[in-house]
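# Fold and contact review
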Amino acid sequence: MKEEIIGAQQASLRAKSLSEVSPPASAGTSVVGAAVAAAAVGARLGRLRWSICALLFFATTINYIDRQVLGILSKDLQGALHWSEIDYGNIVAAFNAAYALGLLVVGRLIDRFGTRIGYAAALIIWSVAAMGHALARSAFGFGVARAALGIGESGNFRAAIKTTAEWFPKKERAFATGIFNAGSNVGAIVAPLTVPWIAINWGWQWAFILTGAIGLLWLAFWIPLYAKPEAHPRLSKAELAHIQADPPDQTGARVPWVQLILHRETSAFAIGKYMTDPIWWFYLYWIPNFLRQNHGLDLSTIGLPLIVIYVIADVGSIGGGWLSSTLIKRGWSINGARKTAMLICALAVTPIIFASNVKSLSVAVCLVRLAAAAHQGWSANIFTMASDMFPRRAVGSVVGIGGMAGAFNGATMAVIVGYILEVTHSNYRIPFFIAGSAYLVALLIIHLLVPRIEPVGYVDAVAAKPFSVGTIVGFGFMGSIFGSFAGWCTGLLSRVSGSGLLKYMAFGAVIGVLIGIISGMIITGSGSKART
């Protein structure tokens, strides 16, 4: 997802707002134009690194296309395969849960095997999984395919960021990241343009097969072209020297997650992601259904409204970063600028609560695109907030914790939305109310946990005590995430659905909170004894 890229940028460029480190990426046009200019300037050095960046761009485009196919075709698939809304919610949840689990392990695997093999393996997994949807004939089959897709796709942004770090000096990394991140924008436009046409003319199975096969075509370019710069036979000495111009980083050891969880700043960021990331997933998977059901669109006419929504969302991403950056340049404190920008974004989302009541298609699309743009502006600032508080060597881990929390709650949100739509006969009023209110609640929690955004000066130290806010909130929150996931898995294995599955998840979350708090108290208690 595009939010991960912004977070990864912050891990390499601390304390700079998104607007300062990432170029505009709306539909990829301005980024591509800037890339041409940069390539011209650097022609004397060589351009091989920009060819590598182009491969990252196309991989990210493919990633987002494969992710969107299900949402575009969901209404037709529900009719053809007789899914209930609850079934569809569980299918969506399978992707999110697998994606979250992938975020826990995929980074280490890519570090171990390298980007050439790691990226190829991730793309093979998600491409085969995308094509595998064509073989599914039940909700369970789609859930399995969706989970495999989530595992594979979790590797894309991690591998792309690592590749960028290997092939670009620091002064070019944020720009290169902006270029390949534009692939998500292009994918968001290409999918609504192509998937409906393929499904109408050749059937829904071919929509999954053809979009999935594009990834295998990408491998035909990646495998022969990619190698580390120092081992690449086509790289000139001048370009290699340019890539390796930076002095080695001396940033210290990575900070273990256990120590980061003890900081209330980590909980503030993770809870913010936990509450708002699922709203984006809701837009991705249910807005096509909503527009088709409430406004009479069909598969041949759904493309244009979706394209408009995603293009405007990119404008929001740029605008959100620009706003807080401008306030800081005018003398505002970082705390005031970030939270003011986030408040404005949170308020801009709230009109979405009326989307289910409006009769006009254009008004409904305007409400959704305003909310989507505000979400991206919020994301730009919450990621920047993480880099404001934590040193560079810890930002990547903090962002990973928040991304995992958001993805897991995306699974929970999918189950809840599916159940609500099932029992209300597809009334979207409650889901839109949740979407409209989540950001203000999240900002309130962030402010209560972090009244003032400022650098954490003791990130390496386990400073929390067993009954501190950091211990109780941090470990309790993490426990609730894994407990809810365990409850969902248990409920599925027990073949319960609907309210029964939600009860399993709620019970798992409660047990997880208790286990988490007790574990946190034991860890901090033993740490205190060790220091004395």
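Basis of the calculations
- Residues numbered from 1 in each chain as written.
- Predicted model: local features only at pLDDT ≥ 70, side-chain atom pairs only at ≥ 80, totals over all residues.
- Heavy atoms only, no water.
- Helix = DSSP H or I, 4+ residues; strand = E, 2+ residues; numbered from the N terminus.
- Buried < 20%, exposed > 50% of the residue type's maximum accessible area, 1.4 Å probe, protein only.
- Contact = heavy atoms within 4.5 Å.
- Areas by Shrake-Rupley, 256 points an atom, 1.4 Å probe, with all protein chains shown as cover.
- pLDDT = per-residue confidence, 0-100.
- Phe/Tyr/Trp six-rings, centres within 6.5 Å; stacked < 30°, edge-to-face > 60°.
- Lys NZ or Arg CZ within 6 Å of the ring centre and 35° of its normal.
- Expected span 1.5 Å × (residues − 1).
- Bend = angle between axes of the 7 residues up to and from the residue.
- Axes fitted to C-alpha atoms, helices over the stretch in contact; angles between N-to-C directions.
- Left-handed = near helix turned anticlockwise from the far one by under 90°.
- Nonpolar A, V, L, I, M, F, W, Y, C, P; charged D, E, K, R; others polar.
- Patch = residues over 30% accessible without salt bridge, like charges linked within 9 Å, V, L, I, M, F, W, Y side chains within 5 Å.
- Salt bridge = Lys/Arg side-chain N within 4 Å of Asp/Glu carboxyl O.
- Polar contact = N/O pair within 3.5 Å; in protein donor to acceptor, adjacent residues only side chain to side chain.
- Parallel < 35°, antiparallel > 145°, perpendicular 65-115°, else oblique.
- Core = buried A, V, L, I, M, F, W, Y, C linked by side-chain atoms within 4.5 Å.

### Quick notes on the overall build of the protein chain
On a plain count of helices and strands, the protein chain comes out with 20 helices and zero strands. Across the 532 residues in the protein chain, those meeting the buried criterion constitute 58%. At a minimum sequence separation of 6, the contacts of the protein chain that also span at least 24 residues come to 84%. Total accessible area on the protein chain stands at roughly 20600 Å², and carbon and sulfur atoms take up 68% of it.

### A look at the confidence of the model for the protein chain
Caution is warranted with low-pLDDT regions, since their predicted coordinates should not be read in detail. Summing up the model confidence of the protein chain, the mean pLDDT is 84 and the portion of residues at 70 or higher is 87%. Per-residue pLDDT, averaged within each element of the protein chain, yields its smallest value for helix H2 (residues 18–21) (32) and its largest for helix H18 (residues 429–449) (96). Contacts for the low-pLDDT stretch residues 6–42, under 50 throughout, to residues beyond four places or in other chains number 92 contacts.

### Points about the packing of aromatic side chains
Throughout the structure, instances matching the rule amount to 31 aromatic pairs. Measuring from centroid to centroid gives 6.0 Å for Phe 282 and Tyr 283, while their planes differ by 50°, and the two rings are tilted. Relative accessible area serves as the criterion here: at 1%, Phe 282 is assigned to the buried category. Exposure remark for Tyr 283: the relative accessible area of 4% places this residue in the buried category. Ring centres 6.1 Å apart and planes at 40° place the aromatic pair Tyr 428 and Phe 432 in the tilted group. Comparing Tyr 428 with Phe 432, the two get one shared label, buried. Cation over ring: Arg 146 sits above Phe 95, and NZ or CZ is 5.3 Å from the ring centre.

### Considerations on helix H13 (residues 264–295)
Side chains three or four residues apart in an α-helix point the same way, a direct result of the helix having 3.6 residues per turn. The end-to-end C-alpha separation of H13 is 44 Å, in line with the 46 Å expected for 32 residues at 1.5 Å each. The largest bend in H13 is about 50°, located at Trp 286, with the proline Pro 288 one to four residues further on. By the criterion of burial, H13 is predominantly enclosed, with 27 of the 32 residues buried. Backbone geometry just downstream of H13 places Gly 296 in the positive-phi region, at approximately 70°.

### Quick notes on the packing of helix H4 (residues 48–81) against H13
Where H4 contacts H13, the two axes come as close as 9 Å, and the packing angle between them is 35°. The handedness of the crossing between H4 and H13 comes out as right-handed. Contact residues: Tyr 64, Arg 67, Gln 68, Gly 71, Ile 72, Ser 74, Lys 75, Asp 76 and Gln 78 in H4; Trp 280, Trp 281, Leu 284, Tyr 285, Pro 288, Asn 289, Arg 292 and Gln 293 in H13. When its residues are assigned to classes, the contact of H4 with H13 shows seven nonpolar, six polar and four charged.

### Points about a nonpolar patch on the surface
A cluster of nonpolar side chains, contributed by Phe 507, Val 510, Ile 511, Leu 514, Ile 515, Ile 518 and Ile 522, occupies part of the molecular surface with about 690 Å² of accessible area. Secondary-structure assignment places Val 510 in helix H20 (residues 499–531). By relative accessible area, Val 510 is classed as partly exposed at 48%.

### What about the side chain of Arg 292?
Mapped onto the fold, Arg 292 is located in helix H13. Within the structure, Arg 292 has its side chain in polar contact with the side chain of Asp 76 (distance 2.6 Å). Discounting chain neighbours no more than four positions away, the residues touching Arg 292 are Ile 72, Lys 75, Asp 76, Leu 297, Asp 298, Leu 299 and Ile 302.

### Looking at the pattern of salt bridges
Taken as a whole, this structure holds five salt bridges when the rule is applied. Linking Glu 153 and Arg 67 is a salt bridge whose minimum nitrogen-to-oxygen distance equals 2.9 Å. Taken as a pair, Glu 153 in helix H7 (residues 139–153) and Arg 67 in helix H4 lie far apart in primary sequence, 86 residues in all. Arg 67 sits in the buried class, given a relative accessible area of 1%.

### Looking at the side chain of Asn 289
In this structure, Asn 289 sits in helix H13. Looking at Asn 289, the relative accessible area reads 5%, which means it is buried. Within the structure, the side chain of Asn 289 is placed 2.7 Å from the side chain of Ser 74, a separation counted as a polar contact. Leaving out residues up to four positions away in the same chain, Asn 289 has contacts with Ser 74, Lys 75, Gln 78, Tyr 88 and Tyr 428.

### What to know about the environment of Pro 305
Here Pro 305 is to be found in helix H14 (residues 303–329). Once the C-alpha coordinates of Pro 305 and Ser 362 are considered, the two residues, 57 residues apart in sequence, prove to be 8.7 Å apart. Leave out the neighbours within four places in its chain, and Pro 305 touches Leu 291, Leu 297 and Val 365.

### A closer look at the environment of Ile 179
Within the secondary structure, Ile 179 is located in helix H9 (residues 170–202). C-alpha of Ile 179 to C-alpha of Ala 54: the two residues are 125 residues apart in sequence and 8.0 Å apart in space.

### Here's the deal with the packing of H4 against helix H6 (residues 115–132)
One can describe the packing of H4 onto H6 by two numbers: an axis separation of 11 Å at closest approach and a directional angle of 30°. On the basis of the axis angle, H4 is roughly parallel to H6. Two packed elements cross with a definite hand, and for H4 against H6 that hand is left-handed. The residues of H6 that touch H4, namely those facing Leu 56, Ala 59, Ile 62, Asn 63 and Asp 66, are Tyr 119, Leu 123, Trp 126 and Ala 130. When the residues that make up the contact of H4 with H6 are grouped by side-chain class, the tally is seven nonpolar, one polar and one charged.

### Considering the nonpolar core
If you look at the biggest cluster of nonpolar residues, it comprises 145 residues, and the most contacted ones within it are Leu 73, Phe 142, Tyr 283, Trp 286, Ile 352 and Trp 378. The element best represented in this core is H4, accounting for 17 residues. What Phe 142 contacts, discounting residues up to four positions off in sequence, is Leu 70, Leu 77, Leu 81, Trp 83, Ile 91, His 133, Ala 136, Trp 204 and Phe 208.

### A short note on helix H5 (residues 85–113)
Relative to the 42 Å expected for 29 residues at 1.5 Å per residue, H5 spans 40 Å between its end C-alpha atoms, a close match to the ideal helical length. For H5, the principal kink sits at Leu 103 and spans about 40°. After H5 finishes, the residue Gly 114 shows a positive phi value of roughly 90°.

### A look at the environment of Glu 166
Here Glu 166 shows up in helix H8 (residues 156–167). On the accessibility criterion, Glu 166 (18% relative accessible area) is buried. The residues touching Glu 166, leaving out its near neighbours within four places in the chain, are Thr 115, Tyr 226, Lys 228, Pro 229 and Ile 243. At a separation of 3.0 Å, a polar atom in the side chain of Glu 166 contacts the side chain of Thr 115. For Glu 166, the side chain forms a polar contact with the side chain of Tyr 226, separated by 2.3 Å.

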